[in-house]
Amino acid sequence: MQNEEKRSIAELDPDDGYTFRIPTVEDGKLIWQLIKDTQVLDLNSSYSYLLWADQFSDTSIVVEKNGKIVGFISGFIQPKAQDTLFIWQVAVDESARGQRLASRMLQGILQSQSCRRIRYLEATVTPSNIPSTRLFKGLARDLQTDCVITDGYTEDQFPSGAHESEKLFRIGPF
Ligand SMILES: CC(C)(COP(=O)(O)OP(=O)(O)OC[C@H]1O[C@@H](n2cnc3c(N)ncnc32)[C@H](O)[C@@H]1OP(=O)(O)O)[C@@H](O)C(=O)NCCC(=O)NCCS
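Fair warning: this is a prediction, and the values are worked out from it, not measured in the lab.

Undergrad: Is there a simple way to explain the packing of aromatic side chains in this structure?
TA: A ring pair, where both rings are aromatic, is described by two values, the distance of the centres and the angle of the planes. Taken as a whole and assessed by the stated rule, the structure comprises 6 aromatic pairs. The interplanar angle of 75 degrees and the centroid separation of 6.4 Å between the aromatic rings of Y49 and F72 together place this pair among those described as edge-to-face. Taken together, the residues Y49 in helix α3 (residues 46–55) and F72 in strand β3 (residues 68–78) connect sequence positions 23 residues apart. For F72, a relative accessible area of 1% translates into the label buried. Here a set of aromatic residues connected by ring pairs shows up, and it is made of W52, F56, F76, F86 and W88. The ring of Y18 has K65 sitting right over it, with the charged end atom 4.4 Å from the ring centre. Sitting above the plane of the Y120 ring, R170 keeps its charged end 3.9 Å from the centroid.

Pasting the structure below:
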């Protein structure tokens, strides 16, 4: 099953040396390092990335070039809304930005077998994160669907002063 999935994502690859594939547990530590290196994403425990790459691989994706993980998206199908894919973290290594890797990763997950029943994509974005805002608005534009933005998590829901608010982006229907 994993190999079939790997192939179907790889078919999306143009010849630019990047390989898009589902993560494996062996990728966990490199994913942790990638997230750490962004310096803007919340860094979760190393265990959480191993767990994610192991248990949520079908709705997540990595991009690899020359043996290095240069892109990662963690996603899951919402337990309470099985037609909705939630995207948690998106990261592209600084050396690989601006080449539509993040956009291609999102489309790669959406085109996978695991997402055949998905009609909506949700993610939360901090208002100051312009690249992320543009990434999700761009996805809605490219898929010719709506992007509705509402309050997601408010600042006062986080420990005091520790986190900017998060807007909820809901994209779809597909
Ligand atoms: C956000 C991030 C994942 C984008 O990755 P990327 O592969 O460079 O993005 P893409 O090339 O697919 O671009 C997607 C859209 O964002 C825009 N964009 C990307 N980087 C941008 C920047 N620095 N400033 C303004 N717009 C930007 C692109 O122009 C494109 O919009 P368009 O389709 O309207 O032209 C990457 O910058 C990153 O990892 N940042 C640090 C971590 C982060 O903030 N993650 C997102 C929060 S979960």
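Undergrad: Any chance you could explain the domain arrangement of the protein chain here in plain terms?
TA: Note: interface size is frequently given as the accessible area lost on complex formation between the parts. Partitioning the protein chain into domains gives domain 1 (1–73 + 89–117) and domain 2 (119–174). Listed by partner, the interface residues are 9 residues for domain 1 and 10 residues for domain 2. Taking both partners together, domain 1 and domain 2 bury about 760 Å²; carbon and sulfur atoms supply 68% of that area. When the buried surface of domain 1 facing domain 2 is broken down by residue, L106, Q107 and L110 rank first, second and third, together holding 55% of it. At the junction of domain 1 and domain 2, the tally comes to 1 salt bridge. Ionic pairing is found between R100 and D142, a salt bridge with its closest N-O pair at 3.3 Å. Counting across the interface, domain 1 meets domain 2 through 2 residue pairs in polar contact (both at pLDDT 80 or more). In terms of residue count, helix α4 (residues 101–111) provides more of the side of domain 1 that touches domain 2 than any other element does, 5 residues in total. Tallied by class, residues from the side of domain 1 that touches domain 2 come to 4 nonpolar, 2 polar and 3 charged.

Undergrad: Would you explain the site of the ligand in this entry?
TA: Neighbouring residues of the ligand: 18 residues in total, closest V90, G98, S103, N129 and R141. At 3.4 Å, a backbone N or O of L101 approaches an oxygen atom of the ligand. Protein contact buries 79% of the 920 Å² of open area that the ligand shows by itself. If you list the elements that add at least two residues to the shell around the ligand, you get β4 (81–92), α4 and α5 (130–142). Looking at the shell around the ligand residue by residue, the classes come out as 9 nonpolar, 5 polar and 4 charged. Two domains share the shell around the ligand, each providing at least three of its residues, namely domain 1 (1–73 + 89–117) and domain 2 (119–174).

Undergrad: Which parts of the structure should I look at to understand the layout of surface pockets?
TA: Regions of empty space are outlined by a rolling probe, equal in size to a water molecule, passed over the atoms. Empty space within the largest pocket amounts to approximately 1300 Å³. Looking at the largest pocket, it is lined by 39 residues, and the ones nearest its centre are L41, V90, N129, P131 and S132. Mapped onto the lining of the largest pocket, the elements with two or more residues apiece are β4, α4, β5 (120–125) and α5. At 8 residues, α5 tops the list of elements feeding residues into the lining of the largest pocket. By residue class, the composition of the lining of the largest pocket is 18 nonpolar, 13 polar and 8 charged. Both domains that furnish three or more residues to the lining of the largest pocket are identified here as domain 1 (1–73 + 89–117) and domain 2 (119–174).

Cut-off values and rules
Residues numbered from 1 in each chain as written. Predicted model: local features only at pLDDT ≥ 70, side-chain atom pairs only at ≥ 80, totals over all residues. Heavy atoms only, no water. Phe/Tyr/Trp six-rings, centres within 6.5 Å; stacked < 30°, edge-to-face > 60°. Helix = DSSP H or I, 4+ residues; strand = E, 2+ residues; numbered from the N terminus. Buried < 20%, exposed > 50% of the residue type's maximum accessible area, 1.4 Å probe, protein only. Lys NZ or Arg CZ within 6 Å of the ring centre and 35° of its normal. Domains from an automatic or database assignment. Contact = heavy atoms within 4.5 Å. Buried area = accessible area lost by both parts, 1.4 Å probe. Salt bridge = Lys/Arg side-chain N within 4 Å of Asp/Glu carboxyl O. Polar contact = N/O pair within 3.5 Å; in protein donor to acceptor, adjacent residues only side chain to side chain. Nonpolar A, V, L, I, M, F, W, Y, C, P; charged D, E, K, R; others polar. Near = heavy atom within 4 Å. Areas by Shrake-Rupley, 256 points an atom, 1.4 Å probe, with all protein chains shown as cover. 1 Å grid on protein atoms, 1.4 Å probe; cavity = no way out; pocket = protein on both sides within 12 Å on 5 of 7 lines; lining within 4 Å. Points joined across faces, edges and corners; volume = space filled by probe spheres on them.

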